[in-house]
Amino acid sequence: MVTDLKDGKPIAGASVLVKGTNIGTQTKADGSFSLNAPSNATTIVISYVGYTTQELLIGSGGMNVSLVQSASTLNDVVVVAYGTRKKGDLTGSVTSVTAKDFQKGVNNSSEQLLQGKVAGLQVTSGGGSAGGGSKIRIRGGASLNASNDPLIVIDGVPVESNGLPGSANLLNTINPNDIESMSVLKDASATALYGSRASNGVIIITTKKGAKGKVKFNFNTTTSAGVVGKTVGVLNAGQIRTIINNDAAATGINTYKDLLGDANTNWQDQIYQTAMGYDNNISASGSIGNLPFRASLGYLNQDGILKTNNFKRLTSSLSLTPKFFDDHLAVNLVVKGSQTKNVFADEGAIGSAIYFDPTQPVYDQKNEGYYYGGYFEWRQLNHQGVFDSAIDLANRNPLGLLNLRNNTSTVNRLIGNIQLDYKLHFFPDLHVMVNLGLDDAKGSGNDNIDSVSATNYKTGGRKTYYQQKKQNTLADVSLFYAKELKSLNTKFDLLVGHSYQDFVTDVFNYPSFSYRPIADFNHPEKKDTIAGTEQTFYTDKPEYRLESYLSRLNVTIANKFLLTASIRRDASSKFSKDNRVGYFPAFAGAWKLKEEFFKNTTIVSDLKLRLGWGVTGQQDGIGYYSYLPRYTRSFNTGAQYQFGDAFYSYLRPEGYDANLKWETTTTSNIGLDFGFLNNRISGSLDFYKKKTKDLLSQVPVAPGANFVNLLTINVGNMEVKGFEFTLNTTPVKGPNLSWDLGFNISYNKSTITNLLQNQDPNFKGIDVSGIGGGTGNNIGKFAVGYAPYIFNVYKQVYDKQTGKPIEGLYEDINRDGIINDDDRYYYKKPAPDVILGINTQVNYKQFSLGLSAHAYLGNYMYNNFNSGATLRSIKNPINFIGNTGVNYLETGFSNAQFLSDYYVENASFLRLDNINLGYNVGKIFNNKASLRIAGSIQNVFVISKYSGLDPENASDTGVDGNIYPRPHTYSLGLNLDF
Amino acid sequence: CAKKLDLLPQNDLTPATTYSTAEGYKSVLAKIYGGLASTGNTGPAGSSDIQGLDEGSQSPFIRGFFNCEELPTDEAVVAWNDQTIHDFHNLKWSSSDPFLRGMYARPIYNITIGNEYLRESTDEKLSARNITGADADDIRKSRGEVRFLRAFNYWVMLDLFGKSTFITEDDGIGTYLPKEISRTDLFNYIESELKAIDADLAPAKTIEYGRVDQAAAWALLARLYLNAEVYTGTAHYADALNYAQKVIDAGYQLQPEYDKLFMADNDKRKDEFIYAINCDGLYTQSYGNTTFFVHCASGDDHNEYGVSGGWYGYRGTSALANLFPDPTGVTDQRAMFTTSKYGTSASQIAIGDISDFNNGLHVNKYKNIRSDGLPTSDVQNNFADVDFPVFRLSEMYLIYAEAHLRGGGGDAETALDYLNKIRFRAYGQSYGPGDVGKLTSSDLTLQTILDERARELYWEGHRRTDLIRYGLLTTSTYLWPWKGGVASGTGVDSKYNIYPVPASNLTANPNLTQNTGY
């Protein structure tokens, strides 16, 4: 008999299973059940949606059990700024994703686990390179020239996520298998405690810890194979021959015809490979004596689909969480060490494979392997009249680029912290927490180009060593005080803290060396140093510091009203004494409507209204010393001036703004959290508005007023508006079959509202978004009244009969009879209006099937590949034949028309990110272990009208050059718990 | 803890440390001179002085000056498709032109850092920093040089934009809005500065190569006065003639062979060069100094330019070729238009398609090849050693002759003699068979001088100024191929005699005003 503990009523439809078997039944309407258990069975498991699962020893007679209503997910603890909070008590806009909901399959980098899972979060991988990074944007970002990246905090340590030489992406040094949960803090009331670095949101990563109990082991292994999907549509050898021959017949000039080769080479097939990946992880957690611990080791070996590209990662982590003095002192020690080894492929090969003449062979039979490692290269006469000089500006053999360059790096990183949390013996309401953290990363590498490579044959190859270290130390001291005032039916807790963080970079610069004994015959004393690569300074040590005071008060009244007020005072060494200090306040309130109005109904399991307001700052992405007048010595020997017979290096005064300070963003947020039917339907809806002022913008300053013509100063305003809606449902939940379906949608609109100190109605904005082709062409603008990076283009005129664009003919928008720069207009923007994420998971007995997908709507892209597709690109004026996109067959353009709106395309898309199928084998090895097998396909397909390779592009500018294609990855994994 | 937030960079210097030694001053002086040769603090590119523009093509002085002074004329067209580059030859540029933005920014940048040097090198500051003796004397001299360079940069503004942002050492550094100076006031300022520094500058031909002396100031005055009527409405031909004569009297000599003036070791032509911008293939690398000349003009024939590869860009028009008795250079050796790949037949010179490098007159004037046959500095032959002559003696001869004809005094015999010195060299230390090259008094006309200037000074940044002085740049009186964007040439609006003030500058500084018509 199964009943509800609270009211004693019978529960119908509860699942009753013999533990460790498939043998089971369901309770009847009166709560009764009967079951024939095998003789060796000892325990049954009783479960029902919304109630805590119970185990019961099998007795002979009637068995009665009362189930307790589970507290539901509202009691889940969510990691927030400087602490944790129950999900039901959150006042800010925070989404937490735990390990079970992470993206499945092979993910080299932690942020990819969140792809499509959180409304308002955009994670875009830069491409398919092994270990490569992603662009992360929360609510579209609030900055223009300063960084738009969120702050990332790992176990209480804000970490370095900016680049390090040798690392494709610093987040890839964290093993995704060690991550327990990730919290995405979106509105200011959630982030304001991070003050001057919080405007673009915060992602808090919490790693797995050990729990008291028997030591458990987990081993998992995944093998994957990535294959190239779509490649860029280029002309084939036959088409090139036809075009060149026709052109020769028409012009009577055989220059290019004579250059045609006899081969039929598909260069893109030549450069790609099947990328194998192997990921193995083992961990142990539990306690030894009274010492809870978790230790893990992981090893990933991942190839890229571009030949030669490889990423290896060895990670280890250890956490110790002992308690002392009758649990008054809790110690939390976490150390994560990793070593990544990269083999970077020369990604120039991707563009080169697209543009290289398909009529030429990979290997040059004519040159007997002597020149350029045997690879076919476009050559011309050298000074001695020998036909052996690689043409300077010609395309290079893609395989030569890949195989004649050896670019490897090693990145070692240690992130560790120790937290001492002491509950005062004489005053246990108060506890003191000290958090000492360290993030130490060192990158070094060798970028060597073979002496026979066409790119560097003149210098006899090139050997370059590089090294950089980053060290970031943190010391936090906080006091927590919590008290319940029963008489007032009020609880409150107060935090007061001080934080000090120091960021040091050690830069080591080295010259490049030749493989020849003497690289410069004019200067034999320099031996094999390549001329012009000598460095003025061989070391540099930029450093910046941040000192903060922070405080937060949470008040809960009658379990209905939740109030949070916080303030942080930041002082940063990036600004002068007068501008160094800033205050970042935030207030938030929530009203638990459930408690107020729906207390006695089970239909509504949660309903809460949230209101938040706060001020945050941004100071990343600007120089460490931008406010100081200073002089810089010329960086190398190539920038000097001759007086008499001697050369003098330059000392240049640098531009500065003594009044520089951080930009500030004020965010208002209104949100509703809801849950129905025991939270089988739950979700939240948020509306937000962010106003950024004093934008750190690089703007034109009055000529002559400063040492630069574009200076980063605090000018400009931006407004971001949007909404987010998340819905998680469990349409089916039974003992054998369950189905979860999650959906999120977010709409975001960013508008630049001011860019100038001195208003000017004729101001056309600031050029951004440089494109490839020509020199110095920009396709986008920062313009007032428009979204950042809006495309600024000419309006293409089309032939009425054929519908084809007419070369060089644009609409005279201002009707002045001249087509010039004034006729460019603002047209579309790269950022999406709407982002959708869909996740679903079906469990049937031991099987599970999951799908996840995401979509962008309203994002546009400039197809830089098509815009270079011209006859000129085939008949290159520098006397070689190139290839070009099939778009040339559409336009027939002779010369590139880079600034035409014809090349701005709708890049809305839907991508099925992942299909995964799992099978829970259950107990094996005499019940000593349990096994799960899973297979997945990542990047299954993309649906889009966009004519280029991939409509999802990590650049803010929306310029689609040659991206490293994202592979379709098939993987198979085993997970063993023992 | 608060003190710990005062951090200083490890390698960068504060103003106090920069100017604590004479070497520090000299390195800043090198930067001010180098502002005309380099584009930034990394050679050839990488840390540009000018932001937001293409460093190699839009921020350099020599390349920008060349684009502004030569591309709108009969002397140059370009095949490339870089942004608005075709607007130059088409004579239809707008105030949003990025090349013009760069060419406004570059002289003003050079002036701004010059002003800083003048602020930091006063006698009070030198003595406060214990810099005395020969070091202090040299720094005092350099103040005159910096004021010359400031005047030269202002002259560029005067000539191109007709007015300028105006800042001197009395203005500071910040985000304030500088004043604008009118064309006449700017003319007067340049004139007064050039006269005022005479006492500070070294006597002609006495200072180390690369630095300027009194003769440079005179030469700029001569050029300024020759164009005074255009600049201010008031003629100053007598002054032009006098200052040209002053330079000539200072002991300069024409080098015997014209072609050696533009080769990699042209730093040896000190006797003819009054001021040259020093470039070096190893130490002063830029994509916009003379490296640009040798690459932009070459194609498959790049070996004849002494570089490892051509950029297939710039050529001249048939109008330039037609100024020579024959474009092959057999008679007048200044016609350097023939290489192994490109010839001077009428069909080759004719430009059917501006974008086709094969059409046009291929100018092989600048060469990164040493006249003594030794290797150049850059073993890879990417960067040129050629120095860019800003003032040469022959320009002074031509100014004398023109100023004389325009009523500036002097005498016809001297004028003719000066012109013939130039002709004698041009024909190979002779006047050619039957003295065909020699001018007679009947040749002493303004048209002859304009043509002679083109023959002697083509691709040195004079043509636009000359055509304006002669009233020929925008009018229909003189047409050349593709003038105004039409194959046969057409006249354009007279507003194109002056470049517009870049719109972004008007936005940044409301004190600036736009030129008429833009």
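From a predicted model like this one, the values you see are computed outputs, not experimental measurements.

Each value, and the rule that gives it
- Residues numbered from 1 in each chain as written.
- Chains lettered and ligands numbered in written order.
- Predicted model: local features only at pLDDT ≥ 70, side-chain atom pairs only at ≥ 80, totals over all residues.
- Heavy atoms only, no water.
- Helix = DSSP H or I, 4+ residues; strand = E, 2+ residues; numbered from the N terminus.
- Rg over C-alpha atoms; globule rule 2.2 N^0.38 Å.
- Buried < 20%, exposed > 50% of the residue type's maximum accessible area, 1.4 Å probe, protein only.
- Contact = heavy atoms within 4.5 Å.
- Areas by Shrake-Rupley, 256 points an atom, 1.4 Å probe, with all protein chains shown as cover.
- Lys, Arg positive; Asp, Glu negative; His and termini not counted.
- Charge placed at Lys NZ, Arg CZ, Asp CG, Glu CD.
- Salt bridge = Lys/Arg side-chain N within 4 Å of Asp/Glu carboxyl O.
- Axes fitted to C-alpha atoms, helices over the stretch in contact; angles between N-to-C directions.
- Parallel < 35°, antiparallel > 145°, perpendicular 65-115°, else oblique.
- Left-handed = near helix turned anticlockwise from the far one by under 90°.
- Core = buried A, V, L, I, M, F, W, Y, C linked by side-chain atoms within 4.5 Å.
- Expected span 1.5 Å × (residues − 1).
- Pairing = 2+ DSSP bridges.
- Patch = residues over 30% accessible without salt bridge, like charges linked within 9 Å, V, L, I, M, F, W, Y side chains within 5 Å.
- pLDDT = per-residue confidence, 0-100.
- Phe/Tyr/Trp six-rings, centres within 6.5 Å; stacked < 30°, edge-to-face > 60°.
- Lys NZ or Arg CZ within 6 Å of the ring centre and 35° of its normal.
- Buried area = accessible area lost by both parts, 1.4 Å probe.
- Nonpolar A, V, L, I, M, F, W, Y, C, P; charged D, E, K, R; others polar.
- Polar contact = N/O pair within 3.5 Å; in protein donor to acceptor, adjacent residues only side chain to side chain.

Assigned secondary structure in chain A consists of nine helices and 59 strands. Taking 30 Å as the expected radius of gyration for a compact globule of 978 residues, we find that chain A reaches 31 Å, a close match to that expectation. C-alpha extents for chain A along the principal axes are approximately 100 × 65 × 65 Å. Sorting the 978 residues of chain A into buried and exposed places 56% on the buried side. Long-range pairs, those at least 24 residues apart, make up 68% of the contacts in chain A between residues at least 6 apart in sequence. Carbon and sulfur atoms provide 55% of the accessible area of chain A, an area that totals close to 39,600 Å². Across chain A, the mean location of the 92 positive side-chain charges is 6 Å away from that of the 84 negative side-chain charges.

What follows covers the pattern of salt bridges. Enumeration over the complete set of coordinates arrives at 83 salt bridges over all chains. Residue A:Asp506 pairs with A:Lys541 through a salt bridge whose shortest N-O separation is 4.0 Å. Note that A:Asp506 is positioned in strand 27 (residues 490–508) and A:Lys541 in the loop between strand 29 (539–540) and strand 30 (543–557), a separation of 35 residues in sequence. Judged by relative accessible area, which is 37%, A:Lys541 ranks as partly exposed. Between B:Asp6 and A:Lys577 there is a salt bridge, and its shortest N-O distance comes to 3.4 Å. Here the residue B:Asp6 occupies a position in the segment before helix 1 (15–18), and A:Lys577 occupies one in the loop between strand 31 (561–572) and strand 32 (581–592), the pair thus bridging two chains. Residues joined by salt bridges that share partners form a network here, namely B:Glu272, B:Asp332, B:Arg334, B:Lys365, B:Arg392, B:Arg423, B:Arg425, B:Glu452, B:Arg455, B:Glu456 and B:Glu460.

Residues and elements named next belong to chain B. Interhelical geometry of helix 10 (residues 214–226) versus helix 12 (residues 237–249) gives an angle of 155° and a closest axis separation of 8 Å. The orientation of helix 10 relative to helix 12 falls into the category roughly antiparallel. The handedness of the crossing between helix 10 and helix 12 comes out as left-handed. Contact residues: helix 10 offers Ala215, Trp218, Ala219, Leu221, Ala222, Tyr225 and Leu226, while helix 12 offers Tyr237, Asp239, Ala240, Tyr243, Ala244, Lys246 and Val247.

Below, the discussion takes up the nonpolar core. Within the largest apolar cluster, 160 residues are counted, with the highest numbers of intra-cluster contacts made by B:Phe148, B:Tyr275 and B:Trp459. Tallying contributions element by element places helix 8 (residues 133–161) of chain B first for this core, with 14 residues. Those residues within four positions of B:Tyr275 in sequence are excluded, and the remaining contacts are B:Tyr33, B:Leu36, B:Phe148, B:Leu149, B:Gly210, B:Val212, B:Ala216, B:Phe388, B:Pro389, B:Val390 and B:Phe391. A:Ile244, A:Trp267, A:Leu306 and A:Ile874 belong to the second largest nonpolar core, which has 38 residues in total.

Glancing now at the environment of A:Gly195. Residues and elements named next belong to chain A. Examined against the element boundaries, glycine 195 turns out to sit in the loop between helix 1 (188–191) and strand 15 (202–207). Glycine 195 sits in the buried class, given a relative accessible area of 0%. Along the backbone, glycine 195 and serine 96 are 99 residues apart, and their C-alpha atoms lie at a distance of 21 Å.

Okay, helix 8 of chain B next. Residue and element names in this part refer to chain B. With 29 residues, helix 8 extends 42 Å between its outermost C-alpha atoms, agreeing within 8% with the 42 Å of an ideal straight helix rising 1.5 Å per residue. Counting buried positions along helix 8 gives 21 out of 29 residues, so the element sits mostly inside the fold. Within two residues after helix 8, glycine 162 carries a phi angle of roughly 75°, on the positive side.

Here the focus is the environment of B:Ser347. Residue and element names in this part refer to chain B. With respect to the helices, strands and loops of the structure, serine 347 is situated in helix 15 (residues 346–349). Serine 347 gets classed as exposed once you look at its relative accessible area, which sits at 63%. When the C-alpha atoms of serine 347 and glycine 360 are compared, they prove to be 8.7 Å apart, with 13 residues separating the residues in sequence.

Residues spaced three or four apart along an α-helix face the same direction, because each turn holds 3.6 residues. Among the ten residues in helix 4 (residues 61–70) of chain B, ten count as buried, and that is most of the element. Those residues of helix 4 of chain B lying buried are B:Phe61, B:Ile62, B:Arg63, B:Gly64, B:Phe65, B:Phe66, B:Asn67, B:Cys68, B:Glu69 and B:Glu70.

Time to look at the sheet that holds strand 15 of chain A. Residues and elements named next belong to chain A. On the basis of which strands lie adjacent, the open sheet formed by five strands has the order 9-14-15-12-13 and mixed pairing. Of all the strands in the sheet, just strand 9 (94–98) and strand 13 (157–158) have a single pairing partner and so form its edges. As paired strands, strand 9 and strand 14 (residues 179–185) are joined by five bridges and run antiparallel to one another. Residue threonine 98 lies in a different strand from strand 14, and its bridge partner there is serine 181.

Residue B:Pro44 is reached from B:Gly43 by a cis peptide bond, and omega for that bond is -5°. Unusually for a residue other than glycine, A:Arg139 sits at a positive phi of about 50°. Position of A:Arg139 among the secondary structure elements: in the loop between strand 11 (134–138) and strand 12 (151–154).

Here the focus is a nonpolar patch on the surface. Residue and element names in this part refer to chain A. Residues Val732, Leu737, Trp739, Leu741, Phe743, Ile838, Tyr844, Phe847, Leu849, Leu917 and Tyr919 make up a contiguous nonpolar surface patch of roughly 890 Å² in combined accessible area. Taken together, the elements giving at least two residues each to the nonpolar patch come down to strand 43 (737–754), strand 50 (834–844), strand 51 (847–857) and strand 56 (909–924). Tracing the chain through its elements places tyrosine 844 in strand 50.

Before going further, it helps to examine the confidence of the model for chain B. Taken over all residues, the pLDDT of chain B has a mean of 95, while the share at 70 or more is 99%. Across the assembled chains, the prediction reports ipTM 0.97 with pTM 0.85.

Further remarks concern the packing of aromatic side chains. For the structure on display, the rule yields 87 aromatic pairs over all chains. Aromatic side chains A:Phe584 and A:Trp662 sit 5.5 Å apart centroid to centroid with 50° between the ring planes, which places their arrangement in the tilted category. With A:Phe584 in strand 32 and A:Trp662 in the loop between strand 37 (651–653) and strand 38 (663–676), the pair connects residues that are 78 residues apart, well separated along the chain. Considered together, A:Phe584 and A:Trp662 belong to a single accessibility category, that of buried residues. Across from the ring centre of A:Tyr515, 4.8 Å away, lies the NZ or CZ of A:Lys463, which sits over that ring. Positioned over the ring face of B:Tyr252 is B:Lys205, at 5.1 Å from the centre of the ring.

With 94 residues of chain A in contact, the opposing surface of chain B contributes 103 residues. Contact between chain A and chain B buries roughly 8,300 Å² in total, counting both sides, with carbon and sulfur atoms accounting for 53%. When residues of chain A are sorted by the area they lose upon contact with chain B, A:Tyr631, A:Tyr641 and A:Phe643 head the list and together hold 10% of the total. Seen at the junction of chain A and chain B, the total is four salt bridges.

Moving on, we come to the packing of helix 16 (residues 393–405) of chain B against helix 17 (residues 412–426) of chain B. All names here are of chain B. For the pair helix 16 and helix 17, the least separation of the axes is 9 Å and the interaxial angle reads 145°. Read as a crossing pair, helix 16 and helix 17 show a hand that is left-handed. On helix 17, the residues that touch Ser394, Tyr397, Leu398, Tyr400, Ala401 and His404 of helix 16 are Ala412, Thr414, Ala415, Tyr418, Leu419, Lys421, Ile422 and Arg425. When grouped by side-chain class, the residues that make up the contact of helix 16 with helix 17 number nine nonpolar, three polar and two charged.

The next point concerns the side chain of A:Ser750. Among the structural elements, A:Ser750 can be located in strand 43. Side-chain polar atoms of A:Ser750 contact the side chain of A:Asn748, separated by 3.4 Å.

To summarise the sheet geometry, strands pair through backbone hydrogen bonds and adopt either a parallel or an antiparallel arrangement. Residues and elements named next belong to chain A. With antiparallel pairing, the four strands of this open sheet are ordered in space as 44-45-46-49. Two strands bound the open sheet, and with one partner strand each, they are strand 44 (766–770) and strand 49 (825–827). Going across the sheet, the axis of each strand differs from the next one's by a mean of 45°, ignoring polarity. Looking at chain direction, strand 44 and strand 45 (residues 778–782) are connected through four bridges and run antiparallel.

Right, let's talk about the pairing of strand 57 (residues 929–944) of chain A for a bit. Residues and elements named next belong to chain A. Of the pairings in the sheet, the one linking strand 56 to strand 57 comprises 14 bridges and is antiparallel in character. For leucine 917, the partnering residue across the bridge sits in strand 57 and is glycine 935. Remark: four residues form the turn of the hairpin made by strand 56 and strand 57, two consecutive strands paired antiparallel; phenylalanine 925 in that turn has positive phi of roughly 50°. Of the strand pairs in this sheet, strand 57 and strand 59 (residues 968–977) are connected by nine bridges, and their pairing is antiparallel. Counterpart to alanine 934 in the pairing with strand 59 is glycine 973.

All names here are of chain A. Structurally, glycine 973 is set in strand 59. Glycine 973 sits 777 residues away from serine 196 along the chain, and the two C-alpha atoms are 42 Å apart. If we skip the residues at most four places from it in the chain, glycine 973 touches Thr221, Thr222, Arg932, Ile933 and Ala934.

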